[in-house]
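Architecture and fold: a report
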Amino acid sequence: MSKEAKLELDGKVYTLPTVEGSEGEKAVDVSSLRATSGYITLDDGYGNTGSCSSKITFIDGDLGILRYRGIGIEELAEKSNFIETAYLLIYGSLPNADQLRTFSDALMEFQFLHEDMKYHFEGFPTGAHPMAILSAMINAASCFDEKIMRWQWGKTKEFDIVVAKLISQVRTIAAYSYRKSHGLPLIYPKKSYKYTANFLHMLFSSPYEDYEIKPEVVKALDLIFLLHADHEQNCSTSTVRMVASSQANLFASASAGVCALWGPLHGGANQAVIEMLEQIHKEGDDGSRFIAAAKDKNSGKKLMGFGHRVYKNYDPRAKIIKKSCDQVLEKLKINDPLLDIAKHLEEAALKDSYFVERKLYPNVDFYSGIIMRALEIPVEMFPVIFAIGRMPGWIANYKEIMEEPKSRIYRPRQVYVGRTLNPYVPLAERK
Ligand code: ACO
């Protein structure tokens, strides 16, 4: 069978090489097409465009498969934890005991922010959205650290330090962004707590009393981090790669990722799901009226937490998180009416021809918000939690670009459909 594609344009035949991935994914390499034929390929929203080759994460959206570095998400969710999974994503394989200790020690060593960063936090008004604070402060953190600013592409040893700083400090900044947005005093990290417990401590302790660390709460939040840790070329990861391709520093690239993640069609969806469920509850609807509205294009409503560009089957993360949701609510003895509404919405949508025909299934955000509510994490912090979780994926993608010898700046083309050449009209002659 031919491994080349033939494309006929204006009576000429162009031969294009094909590429096959390790899981049999096929692509036509069009990179030479413009030079040889004058044509570019057009794919609005990049729905059918591979922007890179990557060894990090594999998704089969039709079969509902997600693997980090070849390991199934179900197995990682059951046997691993967020920090070990972060190492796996960034460095390519599971760490041995020494590597894991070194990584954890580095996270501990770099968890404090420069003291002067406090003044930056003070500049934000009470009520500022923590995603705005997170993005700004991740970028600002690089100004306080010569290593981040001076670090150059290809310097691996120093890169390890910059990585540990980002993974560790994003959690400190995230907790401070919540404290600041509520006008609360900042709480410093503790040496005795591990990653996720320390985050909860910085979020919820007060200067007088430590927050009680419950293992089931730590486990549930750690699982949410792990399930969000990477998802190949989504909007925010592509943004990170785009910024990284200009050789911007890691913190600047990650800060751009936070902004891309913020929108309600991406990482903001978990917040939008809860707001939707609350509205349904307030209106006394069991979800049926909302589903009818979500099917009507003129209503401006969508069933948030449903649908995915890649998954045309159940999002495997949604299955794991739904189970965890039931367990956490039971352990914490919480009876949340929003869970009943969510379950009813899911059941009704999965039977409804509108959702069936369009292959719209619950995504990871459909149930994650209900767990975070049970953990008493405020709704505006939901996308922040997502950002902490996604950080290893962004870093792994940044590293992949950095290590690619033929890496070049990302610069898509366009088809211009605006006005053709027309003269400048002086102000007095304009109608
Ligand atoms: N509710 C109702 N209709 C929907 C929904 C939804 N949640 N999602 C898609 N559709 C409809 C679209 O209107 C479209 O209908 P049409 O063919 O009649 O025009 C069809 O399904 C295909 O949808 P697209 O918008 O083309 O799908 P796309 O791949 O562009 O968007 C997205 C995917 C953004 C996730 C979309 O499904 C959505 O907006 N979902 C709700 C927001 C959400 O949950 N986002 C989280 C994504 S996962 C994540 O980031 C972790």
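Figured I'd write up the structure that's included with this text. Just so it is clear, the model here is predicted, and its values are computed rather than measured. (Residues numbered from 1 in each chain as written. Predicted model: local features only at pLDDT ≥ 70, side-chain atom pairs only at ≥ 80, totals over all residues. Heavy atoms only, no water.)

Concerning the sheet that holds strand S4 (residues 57-60)
Ordered in space as S4-S5-S6, the 3 strands form an open sheet in which the pairing is antiparallel. Each edge of the open sheet carries a strand with a single partner, namely S4 and strand S6 (71-72). Where strand S5 (residues 65-68) meets S6, 2 bridges bridge the pair, whose relative direction is antiparallel. Across the sheet, the residue bridging to Tyr68 is Ile71, located in S6. (Pairing = 2+ DSSP bridges. Helix = DSSP H or I, 4+ residues; strand = E, 2+ residues; numbered from the N terminus.)

Structural notes on the environment of Leu261
Looking at the secondary structure, you find Leu261 in helix H12 (residues 250-262). In sequence terms Leu261 and Thr237 are 24 residues apart; their C-alpha atoms lie 8.7 Å from each other. Beyond its immediate stretch of four places on either side in the chain, Leu261 contacts Met131, Ser236, His266, Gly267, Gly268, Pro383, Phe386, Ala387 and Trp394. (Contact = heavy atoms within 4.5 Å.)

Observations regarding the site of the ligand
The full set close to the ligand counts 20 residues, and Lys302, Leu303, Gly305, Arg309 and Tyr354 are the nearest of them. Side-chain polar atom of Arg358 to an oxygen atom of the ligand: 3.0 Å apart, as the coordinates give it. Asn363 places a polar side-chain atom, nitrogen or oxygen, 2.9 Å from an oxygen atom of the ligand. Alone, the ligand offers 920 Å² of accessible surface; in the complex the protein occludes 74% of this. Tallied by class, the residues present in the shell around the ligand amount to 10 nonpolar, 5 polar and 5 charged. (Near = heavy atom within 4 Å. Polar contact = N/O pair within 3.5 Å; in protein donor to acceptor, adjacent residues only side chain to side chain. Areas by Shrake-Rupley, 256 points an atom, 1.4 Å probe, with all protein chains shown as cover. Nonpolar A, V, L, I, M, F, W, Y, C, P; charged D, E, K, R; others polar.)

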